[in-house]
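Reading the structure
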Amino acid sequence: MTIVRANAIDIEYEAIGPRDGPPMVLIMGLGMQLTAWPDDFCQGLASRGFRVIRFDNRDTGLSTKLPAIGPLTATALLAGATLRLPVRPLYGLADMARDAVGLMDALKINGAHIVGASMGGMIAQIVAADYPERVKSMVSLMSTSGRATLPGPSPRVLRNLLRPRPRRDSARGIAQTIEFLRLIGSPGYPTSDSELRAKVERALRRRHHPDGWTRHLIAVQAARSRVRALRRIRAPTLVMHGADDPLIRVAAGRDTAVNIPGARLRIIPGWGHDLPTTLLPTLVAEIADHCAATTPLRRAG
């Protein structure tokens, strides 16, 4: 892994796969580090010939952390954004889209396949709409158009999502995160408790930064509908969503696809809001086939 300066922040990234392969930039979701993209997922795409680049969003992992704003201010901002009141977050999704493009600039990548999951899908949509010349194709995973009338998370998931993340009690933080991941996981592709714990502990060992989770959540809640932006996207687009996603409901995936000209929608029964190990071969195949259709490839070997 290495770090570059882009959009006035430091961004930690990792590149996997053939150096001359078509670049594929992976954008992760709320509060998650680049390691949340499973190694097998990245290696699978690299084996199809892509140069896979995953990175820590601002305020996560080893990328730049923004100044603390205090728990009271954070709570007020989150409450206001959730209630759709006018708020001024420290940064928004458009800033994070500029981070992704800045990373491409720093790596001298003129155009890339952009793949985003959850909040990362929202960011990917902005990149595709606002920087069309930089996007060869786009994949939006378990994400949303941001339309206000779409159904929200289940009440239990929403309560857990909005709970403050422990700042110092690592044992409580691990337990709370495992509980949340179990709530949003895939009923058709279950992940064992031991695997969940290993993932959470790995992330915690790498960097624990609950402020980033909160500020990401504020940025998401403060964002407005992207429907008009989606209608400007011309990059070949694949929208993938789980039929059993309790966090971002499947209606959000359908709304995303219907508003992007020519987008293809793939709904997977039993998939929730995660990247379960047993589903990775399907995701890799779908994404690689979609992106390869726009770029001549040679298989890595």
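That block above? That's the structure.
This report concerns the structure included in the present document. (Residues numbered from 1 in each chain as written. Predicted model: local features only at pLDDT ≥ 70, side-chain atom pairs only at ≥ 80, totals over all residues. Heavy atoms only, no water.)

1. Examining the packing of helix H5 (residues 155-162) against helix H6 (residues 170-184)
Where H5 meets H6, the closest approach of the two axes is 10 Å, and the angle between their N-to-C directions is 150°. Regarding the angle of H5 to H6, the classification is roughly antiparallel. Our pair here, H5 against H6, has a crossing hand that is left-handed. Between H5 and H6, the contacting residues are Arg156, Val157, Asn160 and Leu161 on the first element and Gln176, Glu179, Phe180, Leu183 and Ile184 on the second. Its residues assigned to classes, the contact of H5 with H6 comprises five nonpolar, two polar and two charged. (Axes fitted to C-alpha atoms, helices over the stretch in contact; angles between N-to-C directions. Helix = DSSP H or I, 4+ residues; strand = E, 2+ residues; numbered from the N terminus. Parallel < 35°, antiparallel > 145°, perpendicular 65-115°, else oblique. Left-handed = near helix turned anticlockwise from the far one by under 90°. Contact = heavy atoms within 4.5 Å. Nonpolar A, V, L, I, M, F, W, Y, C, P; charged D, E, K, R; others polar.)

2. Re the pairing of strand E4 (residues 51-55)
Taken across its five residues, E4 has five buried, putting it largely inside the fold. Across the two faces of E4 the burial is the same, with Arg51, Ile53 and Phe55 and Val52 and Arg54 all buried. When strand E2 (residues 9-16) meets E4, the two strands line up antiparallel, connected through four bridges. Its bridge partner lying in E4, Tyr13 is registered against Phe55. Strand direction decides the pairing type here: strand E3 (residues 23-27) and E4, joined by four bridges, are parallel. In the strand pairing of E4, Pro23 is matched with Arg51. Handedness of the β-α-β unit built from E3, helix H1 (residues 39-47) and E4 comes out right-handed. (Buried < 20%, exposed > 50% of the residue type's maximum accessible area, 1.4 Å probe, protein only. Pairing = 2+ DSSP bridges. Right-handed = clockwise from strand over helix to strand, strands pointing away.)

3. So, helix H11 (residues 280-292)
Helix length check: H11 (13 residues) gives 18 Å between terminal C-alpha atoms against 18 Å at 1.5 Å per residue, within 8%. Looking only at H11, the buried set comprises Leu280, Leu283, Val284, Glu286, Ile287, Ala288, His290 and Cys291. The elements touched by buried residues of H11 are E3, H1, strand E5 (112-117), strand E6 (135-141), strand E7 (237-242) and strand E8 (264-268). (Expected span 1.5 Å × (residues − 1).)

4. Looking at the state of the cysteines
With the rule as written, the count across this model stands at zero disulfides. Looking at Cys42, it has no disulfide partner, and the nearest cysteine sulfur is the one in Cys291, 13 Å off. Overall, Cys291 belongs to the buried group, its relative accessible area being 1%. (Disulfide = S-S within 2.5 Å.)

5. Thoughts on the pattern of salt bridges
A complete count under the given rule lists 17 salt bridges for this structure. Note that Arg54 is salt-bridged to Glu14, the shortest N-O span being 2.5 Å. Of this pair, Arg54 sits in strand E4 while Glu14 sits in strand E2; the two residues are 40 residues apart in sequence, bridging distant segments of the chain. Each of the two residues, Arg54 as well as Glu14, counts as buried. Across the salt bridge formed by Asp99 and Arg58, the nearest N and O atoms sit 2.6 Å from each other. In this pair, Asp99 is assigned in helix H3 (residues 93-106) and Arg58 in the loop between E4 and helix H2 (71-82), connecting sequence segments 41 residues apart. (Salt bridge = Lys/Arg side-chain N within 4 Å of Asp/Glu carboxyl O.)

6. Points about the pairing of E2
Taking burial as the measure, the eight residues of E2 include six buried ones, the bulk of the element. Bridge analysis of strand E1 (residues 2-6) against E2 gives five bridges, and the strand direction is antiparallel. Opposite Arg5, over in E2, you have Asp10 as the bridge partner. Between E1 and E2, which pair antiparallel one after the other, the connecting turn spans two residues, and Asn7 there sits at a positive phi close to 55°.

All quantities given are derived from atomic positions and should not be read as evidence of function.
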